[in-house]
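These are the residues of each chain, in order.
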Amino acid sequence: MSRSAHPAGPRHADVLSEGHYAAPPADLNSLDPKVWAQTVTRDADGVVTVGGVPVTRLAEEFGTPAYVLDEADFRARARAWRTAFGQDADVFYAGKAFLSRAVVRWLAEEGLNLDVCSGTELATALSAGMPADRIAFHGNNKSAAEIERAVGAGVGRIVLDSFQEIVRVAHIAQSLGKRQRVQIRVTVGVEAHTHEFIATAHEDQKFGIPLAGGQAAEAVRRALKLDGLELIGIHSHIGSQIFDMSGFEVAAHRVVGLLREIRDEHGVELPEIDLGGGLGIAYTSDDDPREPHEIAKALSEIVTRECEAARLRTPRISVEPGRAIVGPTAFTLYEVGTIKPLEGLRTYVSVDGGMSDNIRTALYDAEYSVALVSRTSDAEPLLVRVVGKHCESGDIVVKDAFLPADLAPGDLIAVPATGAYCRSMASNYNHALRPPVLAVRDGAARVVVRRETEDDLLRLDVG
Ligand SMILES: *Cc1c(COP(=O)(O)O)cnc(C)c1O
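Rules behind the numbers
- Residues numbered from 1 in each chain as written.
- Predicted model: local features only at pLDDT ≥ 70, side-chain atom pairs only at ≥ 80, totals over all residues.
- Heavy atoms only, no water.
- Near = heavy atom within 4 Å.
- Polar contact = N/O pair within 3.5 Å; in protein donor to acceptor, adjacent residues only side chain to side chain.
- Areas by Shrake-Rupley, 256 points an atom, 1.4 Å probe, with all protein chains shown as cover.
- Nonpolar A, V, L, I, M, F, W, Y, C, P; charged D, E, K, R; others polar.
- UniProt positions renumbered as here; feature names shortened; annotations may be inferred.
- Helix = DSSP H or I, 4+ residues; strand = E, 2+ residues; numbered from the N terminus.
- Contact = heavy atoms within 4.5 Å.
- Phe/Tyr/Trp six-rings, centres within 6.5 Å; stacked < 30°, edge-to-face > 60°.
- Buried < 20%, exposed > 50% of the residue type's maximum accessible area, 1.4 Å probe, protein only.
- Domains from an automatic or database assignment.
- Buried area = accessible area lost by both parts, 1.4 Å probe.
- Salt bridge = Lys/Arg side-chain N within 4 Å of Asp/Glu carboxyl O.
- Core = buried A, V, L, I, M, F, W, Y, C linked by side-chain atoms within 4.5 Å.
- Axes fitted to C-alpha atoms, helices over the stretch in contact; angles between N-to-C directions.
- Parallel < 35°, antiparallel > 145°, perpendicular 65-115°, else oblique.
- Left-handed = near helix turned anticlockwise from the far one by under 90°.

1. A short note on the site of the ligand
Point 1. For the ligand, the set of nearby residues contains 15 residues, the closest of which are Lys96, Gly278, Glu320, Arg323 and Tyr421.
Point 2. Glycine 278 is positioned with one of its backbone polar atoms (N or O) 2.8 Å from an oxygen atom of the ligand.
Point 3. Across the complex, the protein chains shield 93% of the 390 Å² of accessible surface that the ligand would expose by itself.
Point 4. Class assignment of the residues belonging to the shell around the ligand gives a composition of 4 nonpolar, 7 polar and 4 charged.

This is the structure in structure tokens:
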């Protein structure tokens, strides 16, 4: 399963994942639409194209490695979420998955809202024209300066994450002569994911205020008393790469339980409930994500049912998909460098990037797919490990994958579903220059985030 870690830990990379790639795919040249962006296809010469642009042209013009983002697909996914949730709910794109000014503009145009979790993400959003009232500000340790900036800009909501922050935000809002709309983030004791590095809703963690022991109820009591705050709802985020809706069911049950307690104690029915993000995508053909309309229907039914049972008016729902919108819309384009067959073990295929542009394999034991994209091949499938060029043996991009046995240096290969948490978590390890993000649409490619240059790096190093 792509969602569970090897029991020996994420860096235990010396065994093949059992059975997962037991058999090669029937056709190595085929591109599973589940894992590739919508407009990806092969042209008559066998070259993969996206938005009508061949990857060979992208490599020539912009170099490799590069993140290649299918703008039409991004907009279509954003719109699908917006449409699925309709007028009685809000969709906040989680900016931490991937944020750039182009993306912010697309989101604004498609009617989505935006989550940010740092002052700089906020600045990016505002500079690209996202209206402040459509921005939610998250984080477990927002600085006073960040809070001031957010309140001053007039963000739609701040999601309060601790008792100290309740007081901090109230104080800052009051000193600015404002009343800030806020939600309280609670932890509901649900672990919707088996991978402990990315599960976020069990109680032993840094985010949120536990429902347990009446702590969240106490937070609400305090927030309701403060003039600088307008408490609009309760927030819960239960994990990442979730396929099974049952975690949301338990979370909603517990959050609605708190709403009922609040009504009984204070005579107030909070108007909003935020169920967070974490909806899974297909990284390999084995993953079966749900469509936004199925998710919207399931969540709305769950909340409505729970509220009817508690005799509460159904609150306005919001959700915060990041990965589910941007993840599938991009792939990383690499050039094959060294190919090293190790007799009786495996073949290592080294590419011109690695853990600096995709840390998820090393960090979470994440699984990815890969394909030869600069040509087709009729050669036999060869089980390979795709690795980067960094000085670290855990520098793995795709742990086990089949590529054609005639793969050669200079071939272009691409790893799909890298739109989320790859560029946004990229590093300069080994002084790697972080790759550009190319947006491709209707036969044209443009740079939306340019490649870093040696000058960029040297400018930071003041000697
Ligand atoms: C990370 C995060 C999200 C987005 O998670 P995805 O897995 O990208 O959907 C949404 N809300 C909160 C509070 C988060 O921390």
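After presenting the structure, the write-up continues.
2. Topic: the UniProt feature "modified residue: N6-(pyridoxal phosphate)lysine" (unreviewed entry) in the protein
Point 1. The positions that UniProt labels "modified residue: N6-(pyridoxal phosphate)lysine" (unreviewed entry) are, in the present scheme, Lys96.
Point 2. Examined against the element boundaries, lysine 96 turns out to sit in the loop between β5 (89-94) and α3 (101-110).
Point 3. Look past the residues within four positions of lysine 96 in its chain and what remains in contact with it is Cys117, Glu121, Tyr421 and Ser424.

3. A closer look at the packing of aromatic side chains
Point 1. With the rule as written, the count across this model stands at 5 aromatic pairs.
Point 2. Where tyrosine 283 meets tyrosine 368, the ring centres are 5.1 Å apart and the plane angle is 75°; that geometry is what we call edge-to-face. A residue pair is termed long-range when its members are at least 10 positions apart, and tyrosine 283 in the loop between β12 (272-274) and α9 (292-309) and tyrosine 368 in the loop between α11 (360-364) and β16 (371-372) qualify at 85 residues. Like tyrosine 283, the residue tyrosine 368 is buried in the burial classification.
Point 3. Ring pairs connect the aromatic residues Phe74, Tyr93 and Trp106, which therefore count as one cluster.

4. Let's talk about the domain arrangement of the protein
Point 1. By the assigned domains, the protein splits into domain 1 (41-70 + 328-460) and domain 2 (138-321).
Point 2. Between the C-alpha centres of domain 1 and domain 2 the distance comes to 36 Å.
Point 3. Counting residues at the interface gives 9 residues for domain 1, matched by 7 residues for domain 2.
Point 4. For the pair domain 1 and domain 2, the summed buried surface comes to about 750 Å²; carbon and sulfur atoms form 60% of the total.
Point 5. At the junction of domain 1 with domain 2, the criterion picks out 0 salt bridges.
Point 6. Here domain 1 and domain 2 share 2 residue pairs in polar contact (both at pLDDT 80 or more) between them.
Point 7. Among the residues making up the side of domain 1 that touches domain 2, the classes are represented as 5 nonpolar, 1 polar and 3 charged.

5. Some points on the nonpolar core
Point 1. Core analysis: the biggest nonpolar cluster contains 108 residues, and Phe74, Tyr93, Ile184, Ile234 and Ile413 have the highest contact counts within it.
Point 2. With 8 residues, helix α8 (residues 246-266) is the largest single contributor of residues to this core.
Point 3. Per-domain counts for this core show at least three residues from each of domain 1 (41-70 + 328-460) and domain 2 (138-321).
Point 4. Grouped together as the second largest cluster of nonpolar side chains are 24 residues, Val47, Val68, Ala414 and Val440 included.

6. Looking at the packing of helix α5 (residues 144-153) against helix α6 (residues 163-175)
To describe two helices that pack against each other, one gives the angle between their axes and the distance between the axes.
Point 1. Look at α5 against α6: their axes get within 10 Å of each other, and the N-to-C directions meet at 50°. Taken as axis vectors, α5 and α6 run oblique relative to one another. Both α5 and α6 take part in a crossing whose hand is right-handed. Together, Ala144, Ile147, Glu148 and Val151 of α5 and Glu165, Arg168, Val169, Ile172 and Ala173 of α6 make up the contact between the two elements.
Point 2. When the residues that make up the contact of α5 with α6 are grouped by side-chain class, the tally is 6 nonpolar, no polar and 3 charged.

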